[in-house]
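Listed here are the chains, written in short residue letters.
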Amino acid sequence: MKNVGPIIDGKELRSAGGATFEVINPATGQIIARETCCDEATTARIVAASARSFSSAEWQKTVPAARANLLLKLADLVDKHAPELIELELLDTGKPISQLRGEELPLTSALLRFYAGAADKIEGSVKNTSGGFFSLTTYEPYGVIAGILPWNYPLVNAAMKIAPAVAAGNAIVLKPSIETPLTAVALAKLCTKAGFPHGIVNVVTGPGSTAGNTLCAHPLVRKISFTGSTAVGQSIQKLAADQMKMVNLECGGKNAILVFADADLKRAAQAALLSAFVNAGQLCVSCSRLLIHESVAAKFTNLLKEKVKQISVGDPRNPKTLVGPMITRAQHQAALNYLRVAVDEGCQIVSGGREMRLPGQLSSGFWIEPTILTRVKPGMKVHDEEIFGPVLTITSFRNEAEAVAIANSIEYGLSGSVWTSDSE
């Protein structure tokens, strides 16, 4: 049984004052690790260590080119240790191995290299004013950044938090989801191996209600970068308000894909299924609302029904698997509840719609069939609210104006897609 705990000054703690949390493999429902959680005092100690590291002469003398070199070394280590990172992410999230190998690990190292290239491009400006005076603008790091991660893309989001923070000269304390801590801790260890000064990348583990709230409210944390649910984002913004901290939030999405009658329907269908079901629909930029012109709605729905039969759901270690399990037990239940609500609201299930029971070791996993719902109208919960599961809703429209109105009828706005052969 693997143990995982917080990172402070390059060392992993075995005791952090909090409880122990059992980390679950969502594909099997089995315990894969025991997580040491931070209490308020340990969280504060980790933040203080990051503040000391940021203020140290060593870090203050680390020029942008040197910070870039650290990120490049980290990217090389990610590539070198890709098999281990893939294994941890697969166990922690149940993601298909093809998705991890072909997309997420290459993206992780690419993000690190991108921000390495940006490290020495942060430039100020000088402007002449009247009377021989001039004004000078420079950009300085905040200090300690809190990087709060979601459970749907733990490794990619850890890189997305670390890379810009370090490139700009900050220290960062990562707070992974309590459900998926393995790769965030592993990446922090690779930072030490890459030569990052101790404390520049620390990790707090544990629940958001204690470790997360303490981290956000700590006066030495000068900025918060959060990716996750809208409800948690709202609570973080409130915590930061009293100290007027800068906050970046990337929260939920309920995005629309619009398909017009003149579109290449086969290509559009493939795109719609990929967007709706990649990562089992647990993706904030997923286009989970399909809006289709009424003249081709029946034809397009039948095309989707045939194509969804070809989607392989199951063992994440099988290279042919396209859809894995729901990542957390709670989200699994939430998505199933939405499917029950859909039936109550009058939607029609044309594909899927049920919990899956797979054989063998996968029998206790968090599985849901890829689902297509028709007769979905604006105002229904399944149309308006983020399900965050493998569910695609279909709504027809009569003309472009109606399509745009339906697409914009909800509170979310994060991504979108339009399929047509007419660019005008």
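Here's what I pulled together on the structure shown here.

Reading the values: rules and limits
- Residues numbered from 1 in each chain as written.
- Predicted model: local features only at pLDDT ≥ 70, side-chain atom pairs only at ≥ 80, totals over all residues.
- Heavy atoms only, no water.
- Core = buried A, V, L, I, M, F, W, Y, C linked by side-chain atoms within 4.5 Å.
- Buried < 20%, exposed > 50% of the residue type's maximum accessible area, 1.4 Å probe, protein only.
- Helix = DSSP H or I, 4+ residues; strand = E, 2+ residues; numbered from the N terminus.
- Contact = heavy atoms within 4.5 Å.
- Polar contact = N/O pair within 3.5 Å; in protein donor to acceptor, adjacent residues only side chain to side chain.
- Patch = residues over 30% accessible without salt bridge, like charges linked within 9 Å, V, L, I, M, F, W, Y side chains within 5 Å.
- Areas by Shrake-Rupley, 256 points an atom, 1.4 Å probe, with all protein chains shown as cover.
- Salt bridge = Lys/Arg side-chain N within 4 Å of Asp/Glu carboxyl O.
- Lys, Arg positive; Asp, Glu negative; His and termini not counted.
- Charge placed at Lys NZ, Arg CZ, Asp CG, Glu CD.
- Pairing = 2+ DSSP bridges.
- Axes fitted to C-alpha atoms, helices over the stretch in contact; angles between N-to-C directions.
- Expected span 1.5 Å × (residues − 1).
- Right-handed = clockwise from strand over helix to strand, strands pointing away.
- Phe/Tyr/Trp six-rings, centres within 6.5 Å; stacked < 30°, edge-to-face > 60°.

## Concerning the nonpolar core
- With 56 residues, the main nonpolar core has F196 and V201 as its most contacted residues.
- If you list the elements that add at least two residues to this core, you get β5 (30-38), α3 (64-80), α4 (82-93), α5 (97-118), α6 (154-167), β9 (171-175), α7 (182-194) and β10 (201-203).
- The contacts of F196, once residues within four sequence positions are left out, are L70, L71, L74, V166, C191 and V201.
- Residues L273, F277, A342 and L392 belong to the second largest nonpolar core, which totals 47 residues.

## What about the side chain of S109?
- By the element assignment, S109 lies in helix α5.
- Only 3.0 Å separates the side chain of S109 from the side chain of D79, close enough to count as a polar contact.

## Observations concerning a negative patch on the surface
- Together, D262, E400, D422 and E424 make up a negatively charged patch on the protein surface.
- Positionally, D422 belongs in the segment after β18 (416-419).

## Quick notes on the sheet that holds strand β14 (residues 289-293)
- Strand order across the open sheet formed by six strands is β15-β16-β17-β14-β13-β18, with mixed pairing between neighbours. What marks the edges here is a single partner per strand, and that holds for β15 (348-351) and β18. For this sheet the average axis-to-axis angle between neighbouring strands, irrespective of direction, equals 25°.
- Strand direction decides the pairing type here: strand β16 (residues 371-374) and strand β17 (residues 391-397), joined by three bridges, are parallel. Among the inter-strand pairings, I372 is bridged to a residue of β17, identified as L392.

## With respect to a nonpolar patch on the surface
- A cluster of nonpolar side chains, namely V126, F134 and L136, defines an oily patch on the protein surface of about 340 Å² accessible area.
- When you line up the elements, F134 lands in strand β7 (residues 134-137).

## Observations regarding α3
- For α3, spanning 17 residues, the distance from its first C-alpha to its last is 24 Å, which sits close to the expected 24 Å at 1.5 Å a residue.
- Among the residues of α3, those classed as buried are R67, A68, L70, L71, L74, A75, L77 and V78.
- The elements touched by buried residues of α3 are α2 (57-60), α4, α5, α6 and α7.

## Let's talk about the sheet that holds strand β1 (residues 2-4)
- Taking strand neighbours across the sheet as the criterion, the three strands line up as β1-β5-β4 in an open arrangement whose pairing is mixed. Each edge of the open sheet is held by one strand with a lone partner, namely β1 and β4 (17-25). Along the sheet, successive strands turn relative to each other by an average axial angle of 25°, direction set aside.

## Some thoughts on the pairing of strand β8 (residues 144-148)
- Burial within β8 is extensive, with five of its five residues counted as buried.
- With burial as the criterion, each face of β8 is covered, one bearing V144, A146 and I148 and the other bearing I145 and G147.
- In this structure, β8 lies alongside β9, joined through five bridges in parallel fashion. Residue V144 lies in a different strand from β9, and its bridge partner there is A171.
- Between β8 and its parallel partner β9, the chain crosses via α6, and the hand of that crossover is right-handed.
- Pairing of β8 with strand β11 (residues 221-227), which is carried by five bridges, proceeds in the parallel orientation. Bridge assignment links V144 to a residue of β11, and that residue is V221.

## Brief notes about the packing of aromatic side chains
- A complete count under the given rule lists three aromatic pairs for this structure.
- Measuring from centroid to centroid gives 5.6 Å for W151 and F388, while their planes differ by 80°, and the two rings are edge-to-face. Here the residue W151 occupies a position in the loop between β8 and α6, and F388 occupies one in the loop between α13 (381-384) and β17, the gap between them amounting to 237 residues. For the pair formed by W151 and F388, the shared burial category is buried.
- When the ring of F260 is compared with that of F397, the centres are 5.2 Å apart and the planes differ by 65°; the resulting orientation is edge-to-face. Taken as a pair, F260 in the loop between β13 (256-259) and α10 (265-277) and F397 in strand β17 lie far apart in primary sequence, 137 residues in all.

## Points about the side chain of R289
- Tracing the backbone through its elements, the reader meets R289 in strand β14.
- No salt bridge is formed by the buried R289, whose closest oppositely charged neighbour, D384, lies at an N-O distance of 5.9 Å.
- A polar atom in the side chain of R289 sits 3.2 Å from the backbone oxygen of I406.
- Of note is the side chain of R289, whose polar atom sits 2.9 Å from the backbone oxygen of A407.
- With residues near it in sequence (within four places) discarded, R289 still touches K254, N255, A256, I257, H383, L392, T393, I406, A407, S409 and I410.

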